[in-house]
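The primary structure of each chain is shown beneath.
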Amino acid sequence: MTDVVHEIEVEIRNIQGLHLRPAMQIIDLAGGFKSQITVSSDKDTADAKSIMQMMLLRATCGTKLKVRACGNDAKEALKAIQELVEEKHFDEPLPGLTA
Amino acid sequence: MEIRKGIGVSPGIAIAKGVVIDSKDYRIPRRSILDSQRDKEIQRARNAFAAAIRSLTEISSRKTIEEGKIKDIFAVHMRFLQDKTFRKRITDFIDKERVTAEYAVSAILREIASHFEGIDDPYISERAADIYDIEKRLLTHLLGKMREEMEHLREEVVVVAHDLTPTQTASFNKTFVKGFATEAGGRTSHTAIISKTMGIPAVVALGDMTSAVTAESLVIIDGNRGVVIIDPDEETLRQYRNYAQQISLFVHQLDELKDKPAQTKDDVRVQLLGNIEFPEESQAVADKGGEGIGLYRTEFLYLYGGAEPTEEDHYQAYAQAVKVFSRQPVVIRTMDLGADKLPQTIRQAPETNPVLGLRSIRYCLQNMGLFKTQLRAILRASVLGDVRVMFPLVTNLQELRQAKMILRDVMEDLDEYAVPYNAKMPVGIMIETPSSALTANHLAAECDFFSIGTNDLIQYTLAVDRGNEHVSLLFSAAEPAIVRILRSVIHDANKAGIGLSVCGEVASDPEYIMLLLGMGVRTLSLASPMIPEIKKIIRSVTIEQCNALARRVATLDSQRQIKNLLRDAISQILPETV
């Protein structure tokens, strides 16, 4: 079976952007799936399982990222990542909300 | 072949393989390796990753690490260390660029950090700091390994570094270290002091040079001329081997003076004592003809191992030093840490001006427990010989009185437990600040001896940082202000009839010996390798000549005139010394 590449777009919503802790959450999540997962900004593409590459995306609050997954569990992987980034926003504060 | 010029701070010639010591707080310079060393460096990098993961696992499992920010930081570091693409980037860099593992780690992490610069986001700088943390974690393992290797050297080497810290030099296996070359430092930096004590050549203030030394480089250190030669050609190497031989011949001739007294031609007796850092060096002092220890620097007790030394640690060290000189003086200086010498473990919040901060006797008076531990050990050792105690950096009478009061407290404690000690142990102070020098007449009334520490006295009087290569040329004992302040202290001590010695660098500088004698100094304390040469000078002059010279110096108003006069005087008497 030829693997189809699934793709979604997510927006970084937490105020501090994709710093080390959120990057860690993504790679931990991605690491649980068999699919190959990449995350792209308009400049770079990163392996979602490499913390170094995720960091180098330099995604700040408001950045839109394309997430591509290829493999048997691709759809589930994308859904989980979307939930982490956009719904849970890494359990971090959003802009405009003062603590 | 590469020739570098610096400041020669300890004489002699060393020819050996160069070993570069890096410090993890300093930018790691680019250092090339040979093709054949690539596999070894890649393996070193892999080992550093493995070791960092092991130690991180160990730290994270400790109960004290609670949930929260710190745990997150450790978890993130762990992800980085386990990131195969990250590791590959470093090993690929070593492979392609042929550099050391340290440099690859440093360069790659700094490149990653640089991606976060110039981005308009207030949280970016924190990300760069996170990256530097990871760099430090890996370098700790790479450089820590290096330190272990320095402890277990099996062949002769010369050490090349940006600068050396006391903690680094304390861990060297000194049998195999034959010389030092550092990029930073001045005439009286730590490297200068330690190399003189060890009697090995050293050149400092060389500027950028660690990157020029590869793992296979042969290095010549010429401490006499202040020159370092990397990878010398055949002819240069041959010349230097001859030169080294001549020098060892000269040293051999001086050794014949060992059993002759340090006495001027007109029979004025001078006492030559040794400065030591480690107890085992007191034997070297005796071997060179020293008549006791005039300055036992005890800081190394605090720098070894990182933990505060116990009373027994102190006592064992002092007993060992005193054993060699059971009837001759051994002057133990209490802890003089602070400023550039404080190790991380004892350091408090960073001070803005540590040279003028909480250090030395000031630190001891505020940290009574640490001070009393040392005083108890000194008192216990006082029954083993002619032990004397000396307080550093005293600036006024109040401090001297406080220190003496604490000494009396400790004596009473010992009385309670019937521990024997010498109740009449002489108590002295270092004269190394302008304020103690200017009030020397008062201080002399309440202590048994002075020892003039010229290094600090010059630094504080001239307001010149002796370790700063940009101003270190202004650091000179021939400044009229220094000559005047010395004369005044010597006068006050002699008038009060208390003991007086000079223990700074000046006491081992051939050019200043006649002046010191002429001003009334009769005891000098210096690094043991210099004792024979200084003795030769003393045995070649008369006190009349010295007095006349001191009188002429008093009439001069510039450093240059004084320096020239001193140089001329000694070169007329002993042309080969200068």
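### Regarding the pairing of strand β13 (residues 427-431) of chain B
Residues and elements named next belong to chain B.
- Counting buried positions over the five residues of β13 gives five, a clear majority of the element.
- Where the polypeptide runs from strand β12 (residues 386-391) across helix α14 (residues 397-416) and back to β13, its parallel neighbour, the crossover connection is right-handed.
- As paired elements, β13 and strand β14 (residues 449-452) share four bridges and run parallel to each other. Across the sheet, residue Ile431 finds its bridge partner in β14, namely Ile452.

### Thoughts on empty space enclosed by the protein
All names here are of chain B.
- Applying the stated criterion across every chain yields a total of five cavities of 30 Å³ or more.
- Reported here for the largest cavity is a volume of approximately 140 Å³.
- In this structure, the largest cavity is lined by 15 residues; those nearest its centre are Arg297, Arg333, Met430, Asn455 and Arg466.
- Top element by residues in the lining of the largest cavity is helix α17 (residues 454-462). It accounts for three residues.
- Taken as a whole, the second largest cavity encloses approximately 80 Å³ of empty space.
- Forming the walls of the second largest cavity are Ile193, Lys196, Thr197, Asn275, Arg297, Cys503, Gly504, Glu505, Ser508, Leu526 and Ala527.
- Secondary-structure elements contributing two or more residues to the lining of the second largest cavity are α7 (190-198) and β16 (523-527).
- Per element, the largest residue contribution to the lining of the second largest cavity is three residues, and it comes from α7.
- The residue makeup of the lining of the second largest cavity, split by class, is four nonpolar, four polar and three charged.
- Looking at which domains feed residues into the lining of the second largest cavity, each of domain 1 (2-25 + 153-250) and domain 3 (256-573) gives three or more.

### Some remarks on the sheet that holds strand β2 (residues 36-40) of chain A
All names here are of chain A.
- As summarised here, the arrangement of the four strands in space is β1-β4-β2-β3, forming an open sheet in which the pairing is antiparallel. Edge positions in the open sheet fall to β1 (5-11) and β3 (45-47), since each of these has one partner strand only. Strand after strand, the sheet turns through a mean of 25° between neighbouring axes, direction not considered.
- Helix α3 (residues 74-87) rests against β1, β2 and β4 (64-70) of the sheet, and its axis sits at about 5° to β1.

### Observations concerning unusual backbone geometry
- Positioned with a positive phi, Phe90(A) is a non-glycine residue whose angle comes to about 60°.
- Looking at the element boundaries, Phe90(A) is found in the segment after α3.

Criteria and thresholds
Residues numbered from 1 in each chain as written. Chains lettered and ligands numbered in written order. Predicted model: local features only at pLDDT ≥ 70, side-chain atom pairs only at ≥ 80, totals over all residues. Heavy atoms only, no water. Buried < 20%, exposed > 50% of the residue type's maximum accessible area, 1.4 Å probe, protein only. Helix = DSSP H or I, 4+ residues; strand = E, 2+ residues; numbered from the N terminus. Right-handed = clockwise from strand over helix to strand, strands pointing away. Pairing = 2+ DSSP bridges. 1 Å grid on protein atoms, 1.4 Å probe; cavity = no way out; pocket = protein on both sides within 12 Å on 5 of 7 lines; lining within 4 Å. Points joined across faces, edges and corners; volume = space filled by probe spheres on them. Nonpolar A, V, L, I, M, F, W, Y, C, P; charged D, E, K, R; others polar. Domains from an automatic or database assignment. Axes fitted to C-alpha atoms, helices over the stretch in contact; angles between N-to-C directions. Contact = heavy atoms within 4.5 Å.

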